[in-house]
Number of protein chains: 2
Amino acid sequence: MEKRATIKDVAEAAGVGVATVSRVLSGGSASPQTRERVLAVAAQLDYRPSALGRNLRQRRTGGMGLLVPDLTDTFYGQLAEGVLACARSAGEPVVLGSTGDDPEQEADLIGMLLEQSVDRLIAVPSGDSDTWTPAVRAGMTVVFADRLPAMAGTETGPAAAGVNDLLRMDGLPAAATPPRPPDVPSVLADDRAGIRTAVRYLRGLGHRRIAFLGGPGHDRRVAAFREAVGAPVDEELVVFGTGSRDSAYAAASGLFQSRPDLSAVVAGGNVLGEAAVLAARELDLRVPRDVSLIMYDDVPWAELCAPPLTVIAQPGRDMGYRAAELVLRSGTRRPRGIVLPTELIIRGSCGPHR
Amino acid sequence: MEKRATIKDVAEAAGVGVATVSRVLSGGSASPQTRERVLAVAAQLDYRPSALGRNLRQRRTGGMGLLVPDLTDTFYGQLAEGVLACARSAGEPVVLGSTGDDPEQEADLIGMLLEQSVDRLIAVPSGDSDTWTPAVRAGMTVVFADRLPAMAGTETGPAAAGVNDLLRMDGLPAAATPPRPPDVPSVLADDRAGIRTAVRYLRGLGHRRIAFLGGPGHDRRVAAFREAVGAPVDEELVVFGTGSRDSAYAAASGLFQSRPDLSAVVAGGNVLGEAAVLAARELDLRVPRDVSLIMYDDVPWAELCAPPLTVIAQPGRDMGYRAAELVLRSGTRRPRGIVLPTELIIRGSCGPHR
DNA sequence: ATGAAAGCGCTAACAG
DNA sequence: CTGTTAGCGCTTTCAT
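How each quantity is defined
Residues numbered from 1 in each chain as written. Chains lettered and ligands numbered in written order. Predicted model: local features only at pLDDT ≥ 70, side-chain atom pairs only at ≥ 80, totals over all residues. Heavy atoms only, no water. Helix = DSSP H or I, 4+ residues; strand = E, 2+ residues; numbered from the N terminus. Pairing = 2+ DSSP bridges. Axes fitted to C-alpha atoms, helices over the stretch in contact; angles between N-to-C directions. Contact = heavy atoms within 4.5 Å. Patch = residues over 30% accessible without salt bridge, like charges linked within 9 Å, V, L, I, M, F, W, Y side chains within 5 Å. Areas by Shrake-Rupley, 256 points an atom, 1.4 Å probe, with all protein chains shown as cover. Salt bridge = Lys/Arg side-chain N within 4 Å of Asp/Glu carboxyl O. Lys, Arg positive; Asp, Glu negative; His and termini not counted. Charge placed at Lys NZ, Arg CZ, Asp CG, Glu CD. Buried < 20%, exposed > 50% of the residue type's maximum accessible area, 1.4 Å probe, protein only. Phe/Tyr/Trp six-rings, centres within 6.5 Å; stacked < 30°, edge-to-face > 60°. Lys NZ or Arg CZ within 6 Å of the ring centre and 35° of its normal. Core = buried A, V, L, I, M, F, W, Y, C linked by side-chain atoms within 4.5 Å. Buried area = accessible area lost by both parts, 1.4 Å probe. Polar contact = N/O pair within 3.5 Å; in protein donor to acceptor, adjacent residues only side chain to side chain. Nonpolar A, V, L, I, M, F, W, Y, C, P; charged D, E, K, R; others polar. Near = heavy atom within 4 Å. Least-squares fit on C-alpha atoms with pLDDT ≥ 70 in both. pLDDT = per-residue confidence, 0-100.

**Side note on unusual backbone geometry**
All names here are of chain A.
Inference 1: Of note, the amide linkage connecting Val 287 to Pro 288 takes the cis form, showing an omega dihedral of 0°.
Inference 2: Along the polypeptide, Pro 288 turns up in the loop between helix 12 (270-282) and strand 9 (292-296).
Inference 3: Backbone geometry places Asp 101, a non-glycine residue, at a positive phi of 60°.
Inference 4: With respect to the helices, strands and loops of the structure, Asp 101 is situated in the loop between strand 2 (94-98) and helix 6 (103-115).

Next up, the structure:
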């Protein structure tokens, strides 16, 4: 454990001032001579500028934070891979946190990031806009991915100050394509189109009693579902798990048992899809003979199921990559929301209603 | 974006010196009076000590780095969740990197961490011991998880200096239980026992031509496999993918086609198991009727397969948690290797040889 | 018990 | 074009 050379060491060894070294290394002006000498000495000393010094000086950490609900969920794994790929090509570090879809943990992690002076953050938010106000007020550039924070105090009339105003999206007016991105820096999938396509597909197959199995943060998807199935929504057919696999299973199982008349279900995420398959099997419901299933997220194992699962694919890796780009370019342009397309991939888990 | 209060602000507002504030906040000695006042002022000012200043002063970043091959692989997702859980309870940040099982990227990421002065690292290593020498020499505390770096220059006689000497494990002598942990700080699964149990199980079912489908970093598993199947190992039955899903599929498919006489395969990881299922289906081989399959890693979707997959379960989350504990306690005791048990979970993907 | 002061390694004025 | 200097926010002797 030998201690690293500092900029001062390099300066002395090269017979120049520290400022010159700093300039050379960050591409400032310097005579070719000096530049070369400094570079040579730096290389020779194996000098690595310390991010510590630079960060303190600039009062900010480089890189970015990344907050996801659960890395065990393959979709978030894909998203994370995208973020990491972009960060790597920029040579920036990524500080990771897993929130477990719990607003409190999320708030703690935000606090931790603030303490680290991480001022760029990509998040799949769990808490509502109130959770996010501190981060924004502290000057963080935050890009939301996969979903937006719910608006706080929505039922109490005018929304409280904070990010709420930014979150106001178009109020889901009559189907307009292409979708208008929200005004918050964000990378989302076109949930509405994805769900609508799925529901239409099921209806085309003759299904009328279609259920939605959702999880935390799936409100845009449920909204789209309600819109797609039309007016009298059978509320018993819209159920939610809390994010854990157990609760997802319980929700799925409960749904199948309480409403044996349903003929198709749309799972709002891959963990819920997994639960649906498991619950169906346990109850001896055969897919797609007894019940058709469409799952949000295309994950590798969707193809391994018997039958292979029909899915609404969203580009997880791309979403992560784009989000990282947005958050890194935040100085350049005021980033706006991005909406990425989804795709219905028809495999074998849906059949005609019978 | 209001700027945060500094320790100086607190000191002034409380009418004390900065040193006192520092002491109070880090649990040093101070009169109850002073302590209370400082605390009150700090709370009132919403003061958060800046990690930047502290880190620079102490010439090290808190927290830890985490390097995994691929977050899209559910096992590493579990591992990461474990690490994050431990880090969170310690309030420490985690800097994440994904290596893609590529030693070069790994080396780059190590460089990045060094630049950040991250001096604790948990890694699922891709490169050999040479890749890791710089990190160790720079004074990093590194805990390996899931596997150890291969020894460099092993074929050229005496191993080169570096971490090589630390890596020397017991040379797989005749089966001794319990397994002796290596002398490197590490958290590993008991691969040998896991593989041996699996092979014995298959043999008990009458299988004689058993193949091993491996990936990067599976050398301990292959070694165990060779040991378990005994002397004349049919080398054609031991094949490798490079880590990507495509190459895993190619390897599996090639294996099935070149050796239609095999009756069972052990997949060294869940990505390879996935590939095996896919390849078998593509070739119209039925599991377990035509070929039995055991996969390393118990992942949620193993149960969804038809038939559900018999697996060698290893405690991914625990491994991550323990590794994080080790790396955090590194100041206290010199951490040694830990070996965690595996478990053969029999489901439906193995049948009698026929 | 407490304050003053010295940096940690770096960048950004500001002079020369 | 280049060197000097002043901190960034914090911990830590060292006096008091």
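Picking up where we left off.
**Some words on the sheet that holds strand 10 (residues 310-313) of chain B**
All names here are of chain B.
Inference 1: Strand order in the open sheet made by the 6 strands is 7-6-8-9-10-12, with mixed pairing throughout. In the strand order of this sheet, the two ends are held by strand 7 (238-240) and strand 12 (343-345), each with one partner. Looking at each pair of strands side by side, their axes are set apart by 20° on average, direction ignored.
Inference 2: Relative to strand 10, strand 9 (residues 292-296) is paired through 3 bridges, and the arrangement is parallel. Of the residues in strand 10, the one forming a bridge with Met 295 is Val 311.
Inference 3: Relative to the sheet, helix 9 (residues 191-204) contacts strand 6 (210-214), strand 8 (264-267), strand 9, strand 10 and strand 12, its axis offset from that of strand 9 by approximately 170°.

**A closer look at a negative patch on the surface**
Inference 1: Taken together, the side chains of A:Glu282, A:Asp284, A:Asp290 and B:Glu303 define an acidic patch exposed on the protein surface.
Inference 2: Following the sequence through the fold, B:Glu303 ends up in the loop between strand 9 and strand 10.
Inference 3: Judged by its relative accessible area of 39%, B:Glu303 is partly exposed.

**Observations concerning the packing of aromatic side chains**
Inference 1: Taken as a whole and assessed by the stated rule, the structure comprises 6 aromatic pairs over all chains.
Inference 2: Ring geometry for B:Phe75 versus B:Tyr76: centroids 5.3 Å apart, planes at 70°, classification edge-to-face.
Inference 3: Of the residues examined, B:Tyr76 reaches a relative accessible area of 6% and is grouped as buried.
Inference 4: Each ring, one from B:Phe212 and one from B:Phe225, has its centre 5.3 Å from the other, and the planes form 40°; the classification is tilted. Here B:Phe212 is found in strand 6, whereas its partner B:Phe225 is found in helix 10 (residues 219-229), with 13 residues between them in sequence.
Inference 5: Residue B:Phe225 is classed as buried on the basis of its relative accessible area of 1%.
Inference 6: When the ring centre of A:Tyr296 is taken as reference, the NZ or CZ atom of A:Arg221 above it lies at 3.8 Å.

**As for the nonpolar core**
Inference 1: In this structure, A:Met64, A:Ile122, A:Ile195, B:Met64, B:Ile122 and B:Ile195 are the most contacted members of the largest nonpolar core, which totals 90 residues.
Inference 2: Not counting chain neighbours up to four residues away, the residues in contact with A:Ile122 comprise A:Met64, A:Gly65, A:Leu66, A:Leu67, A:Val83, A:Val143, A:Ala145, A:Ala323, A:Ala324 and A:Val327.
Inference 3: By size, the runner-up hydrophobic cluster in this structure holds 60 residues, among which are A:Val299, A:Val311, B:Ala248 and B:Ala279.

**So, the environment of A:Ala323**
Residue and element names in this part refer to chain A.
Inference 1: Counting through the fold element by element, Ala 323 comes out in helix 13 (residues 316-328).
Inference 2: Spatially, the C-alpha atoms of Ala 323 and Leu 304 are 30 Å apart, while their sequence positions differ by 19 residues.
Inference 3: When neighbours within four sequence positions are excluded, Ala 323 is seen to be in contact with Ile 122, Val 143 and Val 187.

**Some points on the environment of A:Leu52**
Inference 1: Summarising the element assignment, A:Leu52 is placed in helix 4 (residues 51-58).
Inference 2: Judged by relative accessible area, A:Leu52 falls into the buried class, the value being 8%.
Inference 3: Excluding anything up to four places from it in sequence, A:Leu52 contacts B:Asn55, B:Leu56, B:Arg59, B:Arg60, B:Thr61, B:Gln116 and B:Ser117.

**Describing the pattern of salt bridges**
Inference 1: If you walk through the whole model with that rule in mind, you get 32 salt bridges over all chains.
Inference 2: With a closest N to O distance of 3.9 Å, B:Glu115 and A:Arg54 form a salt bridge. Of this pair, B:Glu115 sits in helix 6 (residues 103-115) while A:Arg54 sits in helix 4, on two different chains.
Inference 3: A salt bridge links A:Glu325 to A:Arg322; the nearest nitrogen and oxygen atoms lie 3.9 Å apart. With a gap of 3 residues between them, A:Glu325 and A:Arg322 both fall in helix 13, about one helical turn apart.
Inference 4: For A:Glu325, a relative accessible area of 24% translates into the label partly exposed.
Inference 5: Overlapping salt bridges bring together A:Arg209, A:Asp234, A:Glu236, A:Arg259 and A:Asp261 as one network.

**Structural notes on the interface of chain A and chain B**
Inference 1: Taken together, the contact pairs 56 residues of chain A with 55 residues of chain B.
Inference 2: Overall, the association of chain A and chain B removes approximately 4,700 Å² of surface from exposure, summing both partners, and the carbon and sulfur fraction of that is 58%.
Inference 3: Considering only the side of chain A, the residues that lose the most area to chain B are A:Leu52, A:Glu115 and A:Leu304, jointly responsible for 15% of the buried surface there.
Inference 4: Our count for the contact surface shared by chain A and chain B stands at 4 salt bridges.
Inference 5: Between chain A and chain B we count 20 residue pairs in polar contact (both at pLDDT 80 or more) in total.
Inference 6: Among the secondary structure elements, those contributing two or more residues to the side of chain A that touches chain B are helix 4, helix 5 (74-90), strand 2, helix 6 and helix 12 of chain A.
Inference 7: Of all the elements, helix 5 of chain A adds the most residues to the side of chain A that touches chain B, at 7 residues.
Inference 8: Considering only residue class, the side of chain A that touches chain B consists of 24 nonpolar, 16 polar and 16 charged.
Inference 9: As judged from the 3 bridges shared by strand 2 of chain A and strand 2 (residues 94-98) of chain B, these two strands associate in the antiparallel manner. Note on strand 2 of chain B: the bridge partner recorded for A:Val94 is B:Leu96.

**A short note on the protein's contact with DNA strand D**
Inference 1: Surveying the vicinity of DNA strand D reveals 26 residues, the closest of which are A:Thr20, A:Arg23, A:Thr34, B:Ile7 and B:Arg57.
Inference 2: Restricting the count to atoms of DNA strand D within 4 Å of the protein gives a sugar and phosphate share of 59%.
Inference 3: Within the backbone of A:Ala30, one N or O atom sits 3.3 Å away from a phosphate oxygen of DNA strand D.
Inference 4: A distance of 2.4 Å separates a phosphate oxygen of DNA strand D from a polar atom in the backbone of B:Ile7.

**A look at the relation of the copies chain A and chain B**
Inference 1: Superposing chain A onto chain B takes a rotation of 180° plus a shift of 0.0 Å along the axis, which leaves an RMSD of 0.1 Å. On the angle and the small slide along the axis, the relation comes out as a two-fold axis. Residue A:Val95, judged by its C-alpha, is the member of chain A lying nearest the rotation axis, at 2.2 Å.
Inference 2: The residues that chain A uses at the interface reappear at the interface of chain B in 98% of cases, marking a shared surface.

**A word on the confidence of the model for chain A**
Residue and element names in this part refer to chain A.
Inference 1: The share of residues in chain A with pLDDT of 70 or more is 91%, and the mean pLDDT across the chain is 91.
Inference 2: Scored below 50 in pLDDT, residues 155-162 makes 5 contacts in the model with residues more than four places away or belonging to other chains.
Inference 3: Counting interchain partners and residues more than four positions distant, the pLDDT-below-50 stretch residues 168-177 has 13 contacts.

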